[in-house]
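Letter by letter, the chains look like this.
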Amino acid sequence: KAGVTQTPRYLIKTRGQQVTLSCSPISGHRSVSWYQQTPGQGLQFLFEYFSETQRNKGNFPGRFSGRQFSNSRSEMNVSTLELGDSALYLCASSLTFISGNTIYFGEGSWLTVV
Amino acid sequence: AQSVTQPDIHITVSEGASLELRCNYSYGATPYLFWYVQSPGQGLQLLLKYFSGDTLVQGIKGFEAEFKRSQSSFNLRKPSVHWSDAAEYFCAVGPNFGNEKLTFGTGTRLTIIP
C-alpha cells in the first residue's frame, strides 16, 4: 500500500511569492495534517483536515492556509513568503481524527525562500 | 498543555552497543505516545506506539519502549545498534482534544561509531 505522497519534494521561492504544496494520504485515510519542521522551532503543527473541513489549526499566521478535497488529498498554501518560512513541510495522514489513531508521515517538501 | 522533553540532544554509541533514548511527557490524561525516526533528508517513520495495555511495546527495527506512568517516561531502547540506526529520533504525545494533533520533543540525534 502506497504511503503518504508529497509533491514537490524540493522547491526554491523568492520572498513575497506564494507556494502550494500537495499531499496525497494513504488510501482510505481521511484525516490529513500538516507540520512545519525547522532547526530552530522543531516540529510544529500547522493544521488538520477531515472530510474537507479544517478541524484544528496551530499557531501560525493567516498566510498559511490549506484545504482538503473530496478524495482526501490536501494542499497547503503559504502566501507572501518570508525567509523564515524556509522549512521542511511534512504531511501526515490517519484513518480518522479520533484520538489514538496512528499518524503516518510523508517524505516532506523542502521549501527554501531566498 | 501537553509537552514532551527529550533531554539528550545528541548521543553517540558504538555499533553493537545498547541504546536508550529518554523521553518525558506532560499530559493530563492517559497519553498516546509515539516514537518516530527521521533519517537525513527524509520524513518521519513510525517506530512504535503506546495507546494502552502492556507497558512494554515492541516496534520495528528491533526497537522497544517502556511506558512508566509513575515517571512520566517513555524511553526507547535497542539492545544492539547498527550503523543504519544513525538518525534523529522524536518522541511525541497526542493527539488530544485540544488544538494540536501531535506534540513532539526536540529530538535526539544518534551517531554510531564503528
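Criteria and cut-off values
Residues numbered from 1 in each chain as written. Chains lettered and ligands numbered in written order. Predicted model: local features only at pLDDT ≥ 70, side-chain atom pairs only at ≥ 80, totals over all residues. Heavy atoms only, no water. Helix = DSSP H or I, 4+ residues; strand = E, 2+ residues; numbered from the N terminus. Rg over C-alpha atoms; globule rule 2.2 N^0.38 Å. Buried < 20%, exposed > 50% of the residue type's maximum accessible area, 1.4 Å probe, protein only. Contact = heavy atoms within 4.5 Å. Areas by Shrake-Rupley, 256 points an atom, 1.4 Å probe, with all protein chains shown as cover. Lys, Arg positive; Asp, Glu negative; His and termini not counted. Charge placed at Lys NZ, Arg CZ, Asp CG, Glu CD. Salt bridge = Lys/Arg side-chain N within 4 Å of Asp/Glu carboxyl O. Buried area = accessible area lost by both parts, 1.4 Å probe. Polar contact = N/O pair within 3.5 Å; in protein donor to acceptor, adjacent residues only side chain to side chain. Nonpolar A, V, L, I, M, F, W, Y, C, P; charged D, E, K, R; others polar.

Let us look at the overall build of chain B. What chain B contains, in helices and strands, is zero helices and 12 strands. Across chain B, helices and strands are ordered from the amino to the carboxyl terminus as β-β-β-β-β-β-β-β-β-β-β-β. The C-alpha radius of gyration computed for chain B amounts to 14 Å, which stays within 12% of the reference 13 Å derived for 114 residues, consistent with globular compactness. Sorting the 114 residues of chain B into buried and exposed places 46% on the buried side. Long-range pairs, those at least 24 residues apart, make up 53% of the contacts in chain B with a sequence separation of at least 6.

Before going further, it helps to examine the overall build of chain A. Counting secondary structure elements, chain A contains zero helices and 11 strands. For chain A, the α and β elements follow one another from N to C terminus as β-β-β-β-β-β-β-β-β-β-β. In terms of overall size, chain A behaves like a compact globule, its C-alpha atoms giving a radius of gyration of 13 Å where 114 residues would be expected to give roughly 13 Å. Considering only C-alpha atoms, chain A reaches an extent of 35 × 25 × 25 Å along its principal axes. Looking at chain A residue by residue over its 114 residues, the buried ones come to 52%. A separation of at least 24 residues holds for 54% of the contacts in chain A among residues at least 6 apart in sequence. Accessible surface, chain A: about 5200 Å² in total, of which carbon and sulfur atoms supply 50%. Measuring between centres, the 10 positive side-chain charges of chain A sit 2 Å from its 6 negative side-chain charges.

What follows deals with the pattern of salt bridges. Any two side chains of opposite charge can pair, so long as their charged atoms come close to each other. For the structure on display, the rule yields nine salt bridges over all chains. Here R73 of chain A ties to E75 of chain A by a salt bridge, and the two come within 3.4 Å at their closest N and O atoms. Judged by its relative accessible area of 17%, E75 of chain A is buried. Notably, a salt bridge pairs R77 of chain B with E64 of chain B, separated by 3.2 Å at the nearest N-O pair.

Taken together, the contact between chain B and chain A spans 21 residues of the former and 27 residues of the latter. Between chain B and chain A, a total of about 1800 Å² is buried, with carbon and sulfur atoms accounting for 53% of that surface. In this assembly, chain B and chain A are joined by six residue pairs in polar contact (both at pLDDT 80 or more). Residue assignment for the side of chain B that touches chain A shows that the elements contributing at least two residues are β5 (33-38) and β6 (45-50) of chain B. Of all the elements, β5 of chain B adds the most residues to the side of chain B that touches chain A, at three residues. Each residue belonging to the side of chain B that touches chain A can be placed in one class, and the counts come to 11 nonpolar, seven polar and three charged.

As a further point, take unusual backbone geometry. Residue and element names in this part refer to chain A. Looking along the chain, the bond that leaves T7 and enters P8 is cis, with omega of -10°. Summarising the element assignment, P8 is placed in the loop between β1 (5-7) and β2 (10-13). Phi is positive for E52, which is not a glycine, with a value near 70°. Looking at E52, the relative accessible area reads 49%, which means it is partly exposed. Not every positive phi belongs to a glycine, and T80 is a case in point at roughly 45°. You can see T80 is positioned in the loop between β8 (74-78) and β9 (87-94). The exposure class of T80 is partly exposed, given its relative accessible area of 46%.

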